[in-house]
Amino acid sequence: MAIERTLSIIKPDATRRNLTGKINAKFEDAGLRIVAQKRIHLSPAQAGQFYAVHAERPFYGELVEFMASEPVVVQVLEGEDAIAKNREVMGATNPANADAGTIRKEFALSVGENSVHGSDAPETAKEEIAFFFSGLELVG
Ligand code: ADP
Ligand code: MG
């Protein structure tokens, strides 16, 4: 297994409920290292650009509005097989289908307000990290 990096976002439903630390503990307990992190408030245009891949989906407008509604914490997680491992720790998109112990099972409010984002493949991880972080901000 290779050491990978993946882009994670703690979404507005979770920052609003002061869950950043509890969610970060889940990552660290799983062996993922938070190598970069910042709290930002996305504009609707920035949220729309980040989720452009979903532009044709019926929930796109709702998703963009939600992601721009309140601050988010964007972060880079590093570790062995980090992309898949993070997806495991996150749990299924819909919390009703998420396994016990996952972030979404414990914290998500709904399929839309589901507390975390995680990259889904090496190419998207690279693009999504570059969307939020410069090389200078990635100290490892
Ligand atoms: P994931 O975040 O698990 O990779 P997707 O990439 O399919 O899931 O969807 C991106 C985000 O869009 C989800 O995390 C969720 O916030 C939102 N979303 C997905 N499906 C729905 C839906 N049916 N209704 C409302 N929001 C949704
Ligand atoms: Mg996705």
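We now turn to the structure provided with this report.

Parameters and conventions
- Residues numbered from 1 in each chain as written.
- Chains lettered and ligands numbered in written order.
- Predicted model: local features only at pLDDT ≥ 70, side-chain atom pairs only at ≥ 80, totals over all residues.
- Heavy atoms only, no water.
- Helix = DSSP H or I, 4+ residues; strand = E, 2+ residues; numbered from the N terminus.
- Buried < 20%, exposed > 50% of the residue type's maximum accessible area, 1.4 Å probe, protein only.
- Polar contact = N/O pair within 3.5 Å; in protein donor to acceptor, adjacent residues only side chain to side chain.
- Contact = heavy atoms within 4.5 Å.
- Near = heavy atom within 4 Å.
- Areas by Shrake-Rupley, 256 points an atom, 1.4 Å probe, with all protein chains shown as cover.
- 1 Å grid on protein atoms, 1.4 Å probe; cavity = no way out; pocket = protein on both sides within 12 Å on 5 of 7 lines; lining within 4 Å.
- Sits in = over half its atoms within 2 Å of the grid points.
- Nonpolar A, V, L, I, M, F, W, Y, C, P; charged D, E, K, R; others polar.
- Arc of directions from axis to C-beta.
- Points joined across faces, edges and corners; volume = space filled by probe spheres on them.
- Pairing = 2+ DSSP bridges.
- Axes fitted to C-alpha atoms, helices over the stretch in contact; angles between N-to-C directions.

**Re the side chain of S115**
Argument step 1. For S115, the position within the fold is in the loop between α6 (103–107) and β4 (116–118).
Argument step 2. The exposure class assigned to S115 is buried, which follows from its relative accessible area of 0%.
Argument step 3. For S115, the side chain forms a polar contact with the side chain of D13, separated by 2.8 Å.
Argument step 4. Contacts of S115, omitting those with residues within four sequence positions, involve I9, I10, K11, D13, A14, R17, I23, I103, F107 and A108.

**Quick word on the site of ligand 1**
Argument step 1. In the neighbourhood of ligand 1, the contacting residues comprise K11, H54, R57, F59, E62, L63, R87, T93, R104, V111, G112 and N114.
Argument step 2. One of the side-chain nitrogen or oxygen atoms of N114 is found 2.9 Å away from an oxygen atom of ligand 1.
Argument step 3. Isolated, ligand 1 exposes 530 Å² of accessible area, and the fraction of that covered by the protein chains is 79%.
Argument step 4. In this structure, ligand 1 is accommodated by the largest pocket.
Argument step 5. Residues that form the shell around ligand 1 fall into these classes: three nonpolar, four polar and five charged.

**Observations regarding helix α4 (residues 60–67)**
Argument step 1. Within α4, burial applies to L63, V64, F66 and M67. Looking down the long axis of α4, one finds its buried residues gathered within 165° of arc, a one-sided arrangement. Exposed residues pointing more than 90 degrees away from the buried face of α4 are listed as E62 and E65.

**Some remarks on the layout of surface pockets**
Using a probe with the size of a water molecule, rolled over the atoms, empty space left in the structure can be pinpointed.
Argument step 1. Taken as a whole, the largest pocket spans an internal volume of roughly 800 Å³.
Argument step 2. In this structure, the largest pocket is lined by 32 residues; those nearest its centre are Y51, H54, F59, L63 and H117.
Argument step 3. Broken down by secondary-structure element, the contributors of at least two residues to the lining of the largest pocket are α3 (44–50), α4, α5 (82–90), β4 and α7 (122–132).
Argument step 4. Considered class by class, the residues forming the lining of the largest pocket number 11 nonpolar, 11 polar and 10 charged.

**A few points about the sheet that holds strand β2 (residues 33–40)**
Argument step 1. Pairing is antiparallel across the open sheet formed by four strands, whose spatial order is β2-β3-β1-β4. Of all strands in the sheet, those with a lone pairing partner are β2 and β4, marking the two edges. Taking the axes of each pair of neighbouring strands and ignoring which way they run, one obtains an average angle of 20° across the sheet.
Argument step 2. Across eight bridges, strand β1 (residues 3–10) lies against strand β3 (residues 72–80) in antiparallel orientation. Considered in β3, the bridge of I10 is made with V73.

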